[in-house]
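# Structural overview for review
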Amino acid sequence: MPVHSRILALGVASLFALTACATASAAPPSSPSASAPASRTIDNCGTTVDFTGAAPKRVVTIKSTSTEMLLALGLGNRIVGTAFQDGPVPSVWKAQAAKLTSLSNFVPSQEVVLATEPNLVYGGWESNFSADGAGTRGELATLGVSSYVSPAACKEAGYQPTRLRFSDIFSEIDQVAAIFRVSDAKLLASQKAELASITADTRGRTALWYSSGDESPYVGAGIGAPQLVLDTIGLKNVAGSVKDTWTSFNWESVVEADPDVIVLVDATWNTAAKKIQSLETNPVTANLSAVKNHRYLTVPFAASEAGVRTVSAAKDLAGQLAKLDLK
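Residues numbered from 1 in each chain as written. Predicted model: local features only at pLDDT ≥ 70, side-chain atom pairs only at ≥ 80, totals over all residues. Heavy atoms only, no water.

### Overview of the overall build of the protein
Condition: Secondary structure counts use DSSP, requiring at least four H or I residues in a row for a helix and at least two E residues in a row for a strand, with both numbered from the N terminus. The classification of residues rests on relative accessible area computed with a 1.4 Å probe and restricted to protein chains. Under 20% of the type maximum is buried, over 50% is exposed, and intermediate values are partly exposed. Under the convention used here, a 1.4 Å probe and the Shrake-Rupley method define accessible areas, while residue burial counts only the protein chains that appear.
On a plain count of helices and strands, the protein comes out with eleven helices and 13 strands. Looking at the protein as a whole, 55% of its 327 residues are labelled buried. Carbon and sulfur atoms form 52% of the exposed surface of the protein, whose accessible area is close to 13,400 Å².

### Quick look at the packing of helix α5 (residues 166–179) against helix α6 (residues 185–196)
Here is the rule we go by: All axes here are fitted lines through C-alpha atoms, helices being fitted over the stretch that makes contact, and every angle between N-to-C directions spans 0 to 180 degrees. Note on angle classes: values under 35 degrees are labelled roughly parallel, values over 145 roughly antiparallel, values of 65 to 115 roughly perpendicular, and the remainder oblique. Put simply, a crossing is left-handed when the front helix is turned counterclockwise from the back one by less than a right angle, and right-handed when it is turned clockwise. Any two residues whose heavy atoms approach within 4.5 Å at even a single point are treated as in contact. Throughout this entry, Asp, Glu, Lys and Arg are counted as charged residues, while Ala, Val, Leu, Ile, Met, Phe, Trp, Tyr, Cys and Pro are counted as nonpolar. The remaining residues, Gly among them, count as polar.
Relative orientation of the contacting elements α5 and α6 amounts to 160°, with a least axis distance of 11 Å. In terms of their interaxial angle, α5 and α6 are classed as roughly antiparallel. Every pair of crossing elements has a handedness; the one defined by α5 and α6 is right-handed. Contact residues: α5 offers Phe166, Phe170 and Ile173, while α6 offers Leu187, Leu188, Gln191 and Leu195. Of the residues assigned to the contact of α5 with α6, the class counts are six nonpolar, one polar and no charged.

### Side note on the packing of aromatic side chains
Where we set the bar: What counts as a ring pair is set by centres within 6.5 Å for rings of Phe, Tyr and Trp (its six-membered ring), and what kind of pair is set by the plane angle: stacked under 30 degrees, edge-to-face over 60, tilted for all other angles.
As enumerated under the stated definition, the model contains seven aromatic pairs in all. Note on phenylalanine 166 and phenylalanine 170: the rings are 5.8 Å apart at their centroids and 20° apart in plane angle, and the pair reads as stacked. Residue phenylalanine 166 and its partner phenylalanine 170 are located together in helix α5, separated by four residues, close to a single helical turn. Summarising the burial analysis for this pair, phenylalanine 166 and phenylalanine 170 share the class buried.

### Regarding the pairing of strand β4 (residues 79–83)
Selection criterion: Two strands make a pair as long as DSSP finds a minimum of two bridges between them. Convention used here: a crossover is right-handed provided that the path from the first strand, over the helix, to the second strand proceeds clockwise when the strands point away from the viewer.
Here β4 lies mainly inside the structure; five of its five residues are buried. Note: strand β3 (residues 59–62) against β4, four bridges, orientation parallel. What sits directly across from isoleucine 62, in β4, is alanine 83. Read as a crossover between parallel neighbours, the route from β3 over helix α1 (residues 64–72) to β4 is right-handed. Pairing analysis gives two bridges linking β4 to strand β5 (residues 102–104), with the strands arranged parallel. Across the sheet, the residue bridging to alanine 83 is serine 104, located in β5.

### With respect to the environment of threonine 247
Among the structural elements, threonine 247 can be located in strand β11 (residues 246–248). For the pair formed by threonine 247 and glycine 222, sequence separation is 25 residues and the distance between their alpha carbons is 9.2 Å.

### What to know about α5
Put simply, the rule reads: To estimate how far a helix should reach, multiply one less than its number of residues by 1.5 Å.
Over its 14 residues, α5 runs 20 Å from end to end, which matches the ideal 20 Å to within 8%, given 1.5 Å per residue. Counted residue by residue, α5 has 13 buried out of 14 residues, so it is predominantly covered. Taken from the residues just after α5, arginine 181 is the one with a positive phi, measuring 60°.

### Digging into the pairing of β3
Because side chains alternate across β3, one face comprises the buried residues Val59 and Thr61, and the other comprises Val60 and Ile62, equally buried. Judged from the four bridges that link them, β3 and strand β6 (residues 120–123) form a sheet pairing that is parallel. Paired with isoleucine 62 across the strands is glycine 123, a residue of β6.

### Side note on the nonpolar core
Put simply, the rule is: Residues belong to a common nonpolar core when they are buried Ala, Val, Leu, Ile, Met, Phe, Trp, Tyr or Cys residues joined through side-chain atoms within 4.5 Å.
Counting 59 residues, the largest nonpolar core has Phe180 and Trp209 as the members making the most contacts within it. Leave out the neighbours within four places in its chain, and tryptophan 209 touches Tyr218, Val219, Gly220, Pro226, Val229, Leu230, Trp246, Val263, Val265, Val299, Ser304 and Leu317.

### What to know about the environment of threonine 136
Rule in force here: A 3.5 Å cut-off defines polar contacts: any pair of N or O atoms within that distance qualifies, except that in protein one atom must be a possible hydrogen donor and the other a possible acceptor, and neighbouring residues in sequence count only when both atoms are side-chain atoms.
Position of threonine 136 among the secondary structure elements: in the loop between β6 and α4 (137–142). Each C-alpha atom of the pair threonine 136 and glutamate 126 lies 9.6 Å from the other, and the pair is ten residues apart in sequence. Excluding residues that lie within four positions of it along the chain, threonine 136 makes contacts with Phe129, Ser130 and Ala131. A distance of 3.1 Å separates a polar atom in the side chain of threonine 136 from the backbone nitrogen of glutamate 139.

### Here's the deal with the confidence of the model for the protein
Low-confidence regions, as indicated by low pLDDT, have predicted coordinates that should not be scrutinised in detail. Using the following cut-off: Confidence scores labelled pLDDT are given residue by residue by the predictor and lie between 0 and 100.
Mean pLDDT over the protein: 90, with 88% of residues reaching 70 or higher. Taken as a whole, residues 1–35 scores under 50 in pLDDT and shows 139 contacts with residues more than four places along the chain or in a different chain.

### With respect to unusual backbone geometry
Even without being a glycine, glutamate 117 presents a positive backbone phi close to 55°. As for its position among the elements, glutamate 117 is in the loop between α3 (110–115) and β6. On the basis of relative accessible area, glutamate 117 is assigned to the exposed category, the value being 60%. Of note, the phi angle at arginine 181 is positive, near 60°, even though the residue is not glycine. Note on arginine 181: relative accessible area 17%, which makes it buried.

Structure below.
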């Protein structure tokens, strides 16, 4: 996906139409299901991938979004290695995650990936697939290894939606379930129920989605998961006019907008607490209304990117927002 604080990274050519909206929930271990749709050749971020054969049994997942997608579908037993994980998984998947093998804290090399003998590499960002990373998608294909990128992270024109919707996320769930020949009905029903339970704030407040950066803030822009979450909980994104998923912004624009709330991405390498300290000691930001009144919301890094945790992230942030004094 985007260029985040550690590495540079929407669109989805869905196999199936969804009529549901929908949270990450635990799923029982999945096995081929007669009710699951048959998979086929798909166009994934501009790369044609053939899934007409047997469902993948040995998968390397790169980024938390791909790992958690398989865990949510009960497919943890198919994962032979994980890499570049953004934080701990929710407790609902803890037992499955405890059995997983970490290959690298960052993007693994092709040599490390191939040592696991995978038949699929599932990446959260397109940039995970490069000559100096897990290998290019074309090269992996020549070696008999399929690849798949979270469609929400596609960057090519024609594959990146003009603005992320929950239907895009649910289409990925549906597509991945089809690739693995399992049913996603229970997961989608859970997502839909949780999404329906969120009450948006109606006070017309504004927010900055702040991921990282001191001299120049790296923020959630107008077409990705941060924008979708802010829309869902009723906050106006001060960087929403930028047509990107994430963007390098500037403090002058933040000061001019003076957001009512600041959403802080909490990562182990760049904690929310560290960002608060920086905001409160920097004379440029110390007088922002949100800073002076300690109006902060926090979201785990792994839940800040589009995936099976987007609905639960929205619900959690809506709860935090409801508790703030915004009179």
